[in-house]
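Descriptive structure summary
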Amino acid sequence: MASSRSSSEESRFTVLAASAVGGILAGGILLGFLILPVVQGRQAGIDPWTAICRSLGIAPGTPAAGSPISTAAARPVSRVSWDEGTLRALAGAAGPSPPEAVAQCAACHGDAGIATDPTFPNLAGQSAAAIFKQLHDYRSGARVNEQMSPVAQGLDEADLAALALHFAARSKGTMDATARADRNHPVAELVLRGDPARGIPACNSCHAPGSGGPIETPILTRQNEAYLADQLRRYARGDRGNDIYGRMRGFSAKLTEDEIRRLAAFYAWTE
Amino acid sequence: MAASEEDVLRTEIRWSFVVFAATALILISILYAGLVHGINPPSNIETVDPKTLHLSGEFTEGNLGTRVEADGGVTVRVVTTQFAFVPQCVVVPTDRKVTLRFASPDVIHGVLVAGTNVNTMVIPGYVSQVHTTFKTTGDLLTPCHEFCGLGHSQMWAIVRAVAPADFKPDAQGRAACDGR
Ligand SMILES: [Cu+2]
């Protein structure tokens, strides 16, 4: 179909469209580079000319507040950095034969990563990142334990990743189904939804595998009950402080002793 | 029934007015926020390595919180992390310029201090810096307003604005909610 519009109508449209685009452009320039910077500059004590230059990007913004660094000796926090090298080392598969250093672990953590004493942690099926980070922290002194620290200090960096991959690949075995925790237990509310009023996030927002929380978050299910409760108490007291930015210390102190016991039991007896 | 070309044109024009009105409304609210509440994008770009944030420098755990610098300025340093603000409560004086500096080691978070012009995203890799002057005293609720994971809804902090007379930094210039 041929256009029935006259050429005068056509050129009128062109003029209209061009002036609309031009008007919006001019309005944008006026607002963005003149009115907003000048008014906001006045509120911030910046003269109009500087404000305009800054909005154009030809004068630098407010310089970063210089950062005097605390010289107070803080307790050693974790030295682990999740850089590419570390992630690549942990992305590999466990070697065909267990690393030599495994022999040192068996007395306490069992041959297959199931602890020999209920107050020791199981390692079987734990996430490799979690095992690596904890070994690294025992080695650097960020986490201290009279049994673990000397063991970890005898290992070298390559051992850590190999051991982590080895234990992560072990099976937890099957659980006695009659002992399973009740999913409707009142403490499940904390596990699944947390307590916003007290600022306690849901445990599973980090601890459920694949939840998208910090990479080093350990798996808690099927861990020994006494060990879990003990660690929560340590976080609460501040005896354990290797959790980066107090992710666990922050709210552990708000948990009651009763909640700690129930949470430990819940996770210990959940598949 | 097929609409005539005239009808189509008239409908299009009517809708274009609706679009213009909606755009104008949004623009006006942005202008209002910018001019009256002083809300503006960050004025500087400053990068920081999120992988090593906790290892050394400004955003190490021991260096966080409120601090009166040597030049008398008040700086508040906060790390936003899944799913907490560190520290969870910071104390600031009213009627005095305060610089807030935020950094994230993990994912994008948001900071909004209720009733003030402090409203920024915190993007891993960058320091988010906001200048403000608190005008009212009280505990200001500070939620994370950028979905950051399953625990997002439990992520909030308190900015405790106190009268200048009640703002008592220690010998190192540090001030904390619990009077640490
Ligand atoms: Cu957040």
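Quick caveat, the model's predicted, so the values are computed rather than measured.

Right, let's talk about the domain arrangement of chain A for a bit. The domain architecture assigned to chain A consists of domain 1 (12–56), domain 2 (84–168) and domain 3 (188–268). Each of domain 1 of chain A and domain 2 of chain A was reduced to a C-alpha centroid, and the two centroids are 60 Å apart.

Moving on, we get to the domain arrangement of chain B. Assigned domains of chain B: these are domain 1 (1–40) and domain 2 (46–175). Taking only C-alpha atoms into account, the centre of domain 1 of chain B sits 38 Å from that of domain 2 of chain B.

With 47 residues of chain A at the interface, the matching set in chain B holds 44 residues. Of the roughly 3,300 Å² buried where chain A meets chain B, counting both sides, 56% is carbon and sulfur surface. Scanning the region where chain A abuts chain B turns up two salt bridges. Here Arg-249 of chain A ties to Glu-61 of chain B by a salt bridge, and the two come within 2.9 Å at their closest N and O atoms. Run the count over chain A and chain B and you get 16 residue pairs in polar contact (both at pLDDT 80 or more). The set of elements that each furnish at least two residues to the side of chain A that touches chain B consists of helix H1 (7–43) and helix H9 (204–207) of chain A. Here the side of chain A that touches chain B gets six residues from one element, more than from any other, and that element is H1 of chain A. Of the residues contributing to the side of chain A that touches chain B, the split by class is 21 nonpolar, 16 polar and 10 charged.

Turning our eyes to something else, we now look at the packing of aromatic side chains. Residues and elements named next belong to chain A. A full pass over the atoms with the stated rule returns two aromatic pairs over all chains. Both rings, one in Trp-82 and one in Phe-132, keep their centres 6.2 Å apart while their planes meet at 55 degrees; by these two values the pair is tilted. Taken together, the residues span a long stretch of sequence, with Trp-82 in the loop between helix H2 (48–56) and helix H3 (84–91) and Phe-132 in helix H5 (residues 128–140) at a distance of 50 residues. Residue Trp-82 shares its accessibility class with Phe-132, and that shared class is buried. A ring pair is formed by Phe-266 and Tyr-267, whose centres lie 5.9 Å apart and whose planes are at 90 degrees; its orientation type is edge-to-face. Residue Phe-266 is classed as buried on the basis of its relative accessible area of 4%.

What follows is about the coordination of the copper ion. Residues and elements named next belong to chain B. Within the protein, His-109 (ND1), Cys-144 (SG), Cys-148 (SG) and Met-155 (SD) serve as the donor atoms for the copper ion, at 2.1 to 2.4 Å. With four donor atoms in place around the copper ion and angles of 99 to 122 degrees between them, the coordination shape is tetrahedral. All donors of the copper ion come from a single chain, and their spacing in sequence reads H-x34-C-x3-C-x6-M. Of this pair, His-109 sits in strand E6 (residues 109–112) while Met-155 sits in the loop between strand E9 (138–143) and strand E10 (156–162), and the two are 46 residues apart along the sequence. This pair shows no difference in class: His-109 is buried, exactly as Met-155 is.

All names here are of chain B. Judged by pairing direction, the sheet is mixed, and its three strands sit side by side in the order E4-E10-E9 without closing on themselves. Strands at the two margins of the open sheet, each flanked by one partner only, are strand E4 (89–93) and E9. Taken over all neighbouring pairs, the strand axes of this sheet differ in orientation by 25 degrees on average, direction set aside. Pairing geometry for E4 and E10, over five bridges, is parallel. By the bridge assignment, Val-91 is partnered in E10 with Arg-160.

All names here are of chain A. In the contact formed by H1 and H2, the axes pass within 8 Å of each other and the chain directions differ by 130 degrees. By the angle between their axes, H1 is oblique relative to H2. Here the hand of the crossing between H1 and H2 comes out right-handed. Within the contact between the two elements, H1 uses Gly-32, Phe-33, Leu-34, Pro-37, Val-38 and Gly-41 and H2 uses Pro-48, Ala-51, Ile-52, Ser-55 and Leu-56. Here the contact of H1 with H2 is built from residues that sort into eight nonpolar, three polar and no charged.

Cut-offs used in this document
Residues numbered from 1 in each chain as written. Chains lettered and ligands numbered in written order. Predicted model: local features only at pLDDT ≥ 70, side-chain atom pairs only at ≥ 80, totals over all residues. Heavy atoms only, no water. Domains from an automatic or database assignment. Contact = heavy atoms within 4.5 Å. Buried area = accessible area lost by both parts, 1.4 Å probe. Salt bridge = Lys/Arg side-chain N within 4 Å of Asp/Glu carboxyl O. Polar contact = N/O pair within 3.5 Å; in protein donor to acceptor, adjacent residues only side chain to side chain. Helix = DSSP H or I, 4+ residues; strand = E, 2+ residues; numbered from the N terminus. Nonpolar A, V, L, I, M, F, W, Y, C, P; charged D, E, K, R; others polar. Phe/Tyr/Trp six-rings, centres within 6.5 Å; stacked < 30°, edge-to-face > 60°. Buried < 20%, exposed > 50% of the residue type's maximum accessible area, 1.4 Å probe, protein only. Donors = N, O, S within 2.8 Å, 3.2 Å for Na, K, Ca; no water. Tetrahedral: all angles 85-135°; square planar, octahedral: opposite > 155°, others 65-115°. Pairing = 2+ DSSP bridges. Axes fitted to C-alpha atoms, helices over the stretch in contact; angles between N-to-C directions. Parallel < 35°, antiparallel > 145°, perpendicular 65-115°, else oblique. Left-handed = near helix turned anticlockwise from the far one by under 90°.

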